[in-house]
Amino acid sequence: EPCTSRPSPFLGPRSPTPMQALASVTVKPDARHVLRGRNCKTVGRNCLAGAGSGRGSLAGVPHSSVPSSTSLRKSCRRAAMVPSALFGSKAAPTPPSEPAEVSVPVAELTEATRRGIKTFGYDDAETKILLDVMMYAQLRGNNQGIIKVTTKAIARDPLAGAITAEYATMLSTCYNGNKNAGMVVLHKAMETAVEKARDHGFGICGTNNTCTSTGALGYYAEKVAAQGLIALVFAVSPEFVAPNGAMEPIFGTNPIGVGIPTENGPVVLDMATSAYSFFGLLEARTAGKKIPHGVAIDGNGDITEDPNAAIEGGAIKTFDGGYKSSNLALVVELLAGPLVGAAIADKMSEKNWGNLVIAIDPKLLGQAEFEKRAAAVTARVKAAKKMPGVDEILLPGERGDAFAAEVKRNGCINVEANLWRDLQALAAEYVSPAGAPPPAAAGKRTPGGANGWGIATRLVHPESSVEDPFMATAPPLYQTATFAQPSATTNGPYDYTRSGNPTRDLLEMQMAELEGATRGFAFSSGMSALMTVTRLVRSGERIVTGEDIYGGTSRLLGQVVPKVGIEVINVDTNDLAAVKAAIDGGNTTMVMLESPTNPRLQITDIRAISQMAHAKGALVCVDNSIMAPVFQSPLDLGADISMTSATKFISGHSDLTGGILTCRGEQLAKDIYFHQNAEGTLLGPFDCWLALRGLKTMALRMEKQQANTMVIARWLEAHPLVSKVNYPGLESNVGYALHASQASGAGSILSFATGNVELSKIVVEETKLFKITVSFGNTSSLISLPCFMSHASIPPEIRAARGLPDDLVRISTGIEDVEDLIDDLDKAFVLASNTVLGVDTGVKNGSAKNGAPGGAREEELLKRIAVLEAQLK
C-alpha cells in the first residue's frame, strides 16, 4: 500500500490522532501456514518491543535495567502490528497464545527479506539499501528490522518520483525525496555528506518529502564514522510524543544517531528521545499486557499503564519524563523539520517527514590524531572502576555489535514465529524474472564521482584527462621513454617514463576515481603490485593473510617475503576470532586479503577485519581482481589498499599483463610511488593504453559474464556428479549474505568439486568452448584444475591442510551464448561419466593409488614449474 493509502475507519465523531490512525488494525499471519525454520543453534532474538533505536538494547531503558535474555525472549513473543492509515486495513483476529521463536539461518532470512522487499516494486539498488539497513538492525536485536517488511512500513508510493536536489552548495545539499523510501533517500544524503566532507572537511545534507521509516540511524552513523568522519544523524516522525508538561503529542520518537571514528573502530550512539516506541504500544495492546509505568499518559494527562489509553487520546512521554529529554526532542524536531523543509504541523497527513545528516572531518580542526586520542578516551571509560555486580562497562553500540557478531559466527538468528511466517508468505509472492540473478549477482547502478554517475558511465567518461591539442575521442598513446625539457635548468611535467607518463597517468587517475582512492598506480603485473605492498612491511614485522589465496600470492608470501625477515601467518579468514588472534599475536603491520578467495570463492568480512587491523595499527590490502571496481569497492569497506589485476577484467581480452594499486591517504600514496619508481615496476605506455581501452567495456562484459555464470552455477548445483559448487551468487553458499552486504554482484568465477580427480580432468579436457588456461576475466570462457595449474606451486600437503581438493574445477565464464556453454559442459560430463563411473580409478579427492594419473600429472607439472623458475634466476 502506498503512503497515500485510504484512511482507516474510526469510532467516534472526532478526528483520530496520529497514534489512533496508526493503531487501528492488527494483522496476524495464517496459523495454518507451515513453518520452514531450521533446527539451528539458538543465538539471537527478534525484539519487537522498544523504541526505534538502540543498537541491541531496549530504547528508553537504561543498560543497567535491560532484562535478561529469558525475559527479552518473552517480550518478543507478541503480535505484529500493522498501522492501517499508512499500510492499508485488514480484519483483526483474536490474539493467539504466546508464539514460539524459530531459529533461522541468516542467509535464509536475508533472502526472504530481499524477496519481501521486492514485492513492493523496488529496483535492485533500492532493495540492497533497504536490505542492508534492516538487516543491520535485525542482527542487533533492534526493532527497526524485518518487521518493517511484514507490516508494509516500507510500502512504495506508486507516485514516487526521482530524488531531486532542491538546494546545493559546496558544503550542503537538501534533497526532496519525492515520496521515495526514507531509507533510500537518507542513504543518498549520507553518501553526499561523506563526499563533501572528504573534499571540504564538512558536509551537511537534509531530506524532506518522505513518508516511510529511515530505519536504525546507527547504520548511517556507523557508515560515516567508518570513513574517519564524525557523524550526526537526526530523524523526525509523526506526532506520538508529548513535550514536557503537555497532554498532546507533538514530537515524533525523534531518534538521534552519532558516529565517532576511533582507532579501535567507530563508537555509535543510536537512541530515541521518547520513553517508548509506538510499536511497543501496539504490541502491548494486542497481547493484553500493560506498558511500563511512566512511559505514557492518557487523555487526561495522567500516567497510564494501559496501551489503549495512551493510543486513544494519550501520548508517549520523552525518555526521562522531564524537560531535558523534551528539550532534546525539540532540537531534533527543529533540525530535521523546518531546517530541511519537512512538515512542521500535522506531519501524519502531510506525509512529509524530515532527516538531517552531518559529516565532519576531524582534520578540519587540525586534529590529525583524533582517532587515536578518541580511542584513549574510550579506553579510559572501559577501564573505570566498576560498581559491584558490573562485569563490563559498555560503550554505545557494543552490546548490539557483540550480539551481531555472535549471530554471524553461528549463522542463525532467533525470529518470532509469526513474524517469520508472515515474511515467508510475503516472500513467496515475489517471482524473480526469468533467469534473473539473486541480489549478490544482480549488479546495480553504483553512483559515484563528482557527477553521481553509475559505474558504466564512469568507465566510458572518466573525469580525468591530459592536455591534447587535437581533442582525440580515444586516449592518446605516449609511447616514449623520455620527454624534452623546457631548458637545462627547468623541468616539465614529465621527464622519464619510469617516473611518469601521460598515458599511465590517465589509467592511474581513472582507477583512483573508480575506487574513491587518493591515488592509483599501474604495475607491470599483479604480482609486482603485490610485491610493492610487501615493501611497506619491514623486517621483524608480520603479515597476516588467508589460507585460500592465489597461488602466486602464496608463493610470494611463503617463499620470497620471509627471506627478508618478515613473518607471514596464514589463517582461515572466515574465522574472525582466529584472524584477530593472528593480528594481535605479533607485530602485525599488514593484512592481505582476498574476497572472494581464489579458487574456493570464500567470502571474507572485509569490514570486520579492517577494523581489527586498524585497531592494531596495521594496513589492509584486498586483492579485488575477481570483483574489480564494477562489483566491489574494498576501500569503501575499510581497506587501505585495493589491488586489481589488469590482466583479468580490465583488459578483458588476455592481451596484456598488469596490476593496479589504489589507496587512500597521501603518505601511503607517496610510499607506494617511491617503490614503483625506485624499482621500475611500472606498466608500459602501450599496455596502459590497452587497459584504458578495456575499461570502456568492462561493465558490459562483466554483467554478461555474471548472468552466464549464474545459469551455469544453478545447472551445476543440480547436476548429480557435482558434489559442491562455490559461487557467492548461490543462496546455498555459506558467504551469500555477507557477500551481498559488501558487493553489488557475484561475478563470473565459480568452482566445483566432483569428488573424483579423473572425472574432473576429463570434464576439463573435453569441453570445446572452454579454453584450458590459468587466469580469468577473458571474453571467452576458461576452465582449469587449479591444483595442477594456478595453484600448483602450493605443496600438496599444504593444499590438503587448507581444504583445497585436487578434483576442484574452476570456471571463468565468458560472453558466449549460455545455452552453448551448458551444452558443452553437458557433453563433457556425459563422456566423463561413461569413462569413469563403474570403473575403480583409485582416485578420490586427490588421493591416488596404483599410479593414478592425478599424482603423475601433478609431479610432471611441478617439474615444469621448477624448470621455468630455474630459467628466471
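Quick caveat: nothing in here was measured; it's all calculated off a predicted structure.

1. Quick word on the sheet that holds strand 20 (residues 749-753)
In spatial order, the strands read 19-20-23-22-21; together these five strands make up an open sheet with mixed pairing. Every interior strand has two partners, whereas the edge strands, strand 19 (724-726) and strand 21 (771-772), have only one. Judged from the three bridges that link them, strand 22 (residues 782-784) and strand 23 (residues 809-812) form a sheet pairing that is antiparallel. Across the sheet, the residue bridging to serine 784 is arginine 810, located in strand 23.

2. A closer look at helix 18 (residues 502-515)
An ideal rise of 1.5 Å per residue puts 20 Å on 14 residues; helix 18 measures up with 20 Å between its terminal C-alpha atoms. When you tally the buried positions in helix 18, you get 11 out of 14 residues, the bulk of the element. Along helix 18, the residues that are buried comprise Pro502, Thr503, Arg504, Leu506, Leu507, Glu508, Gln510, Met511, Ala512, Leu514 and Glu515. Taking the backbone nitrogen of threonine 503 as reference, a side-chain oxygen 2.8 Å away marks asparagine 501 as the first, capping residue of helix 18. Downstream of helix 18 by a residue or two, glycine 516 has a phi angle that is positive, lying close to 65°.

3. Structural notes on the sheet that holds strand 7 (residues 267-271)
One open sheet holds the seven strands; their spatial order is 2-3-4-10-5-6-7, and the pairing between them is mixed. Two strands bound the open sheet, and with one partner strand each, they are strand 2 (164-168) and strand 7. The sheet shows a mean angle of 10° between the axes of neighbouring strands, taken without regard to direction. Pairing between strand 4 (residues 202-210) and strand 10 (residues 353-360): seven bridges, direction antiparallel. Bridge pairing in strand 10 places cysteine 205 opposite valine 357. Against the sheet, helix 8 (residues 217-225) touches strand 5 (230-235), strand 6 (256-260), strand 7 and strand 10, its axis set at about 160° to strand 5. Its contacts with the sheet put helix 11 (residues 323-335) on strand 5, strand 6 and strand 10, and the angle it makes with strand 5 is roughly 90°.

4. Describing unusual backbone geometry
Look at the link from serine 595 to proline 596: it is a cis peptide, with omega at -5°. You can see proline 596 is positioned in the loop between strand 15 (588-594) and helix 22 (606-616). Cis geometry is adopted by the peptide bond preceding proline 599, which originates at asparagine 598 and carries an omega value of 15°. Within the secondary structure layout, proline 599 lies in the loop between strand 15 and helix 22. With a phi close to 50°, aspartate 346 is a non-glycine residue in the positive phi region. Note that aspartate 346 resides in the loop between helix 11 and helix 12 (347-350). With a phi close to 50°, methionine 471 is a non-glycine residue in the positive phi region. Checked against the element boundaries, methionine 471 lands in the loop between helix 17 (455-460) and helix 18. Owing to a relative accessible area of 71%, methionine 471 belongs among the exposed residues under this scheme.

Parameters and conventions
Residues numbered from 1 in each chain as written. Predicted model: local features only at pLDDT ≥ 70, side-chain atom pairs only at ≥ 80, totals over all residues. Heavy atoms only, no water. Pairing = 2+ DSSP bridges. Helix = DSSP H or I, 4+ residues; strand = E, 2+ residues; numbered from the N terminus. Expected span 1.5 Å × (residues − 1). Buried < 20%, exposed > 50% of the residue type's maximum accessible area, 1.4 Å probe, protein only. Polar contact = N/O pair within 3.5 Å; in protein donor to acceptor, adjacent residues only side chain to side chain. Axes fitted to C-alpha atoms, helices over the stretch in contact; angles between N-to-C directions. Contact = heavy atoms within 4.5 Å.

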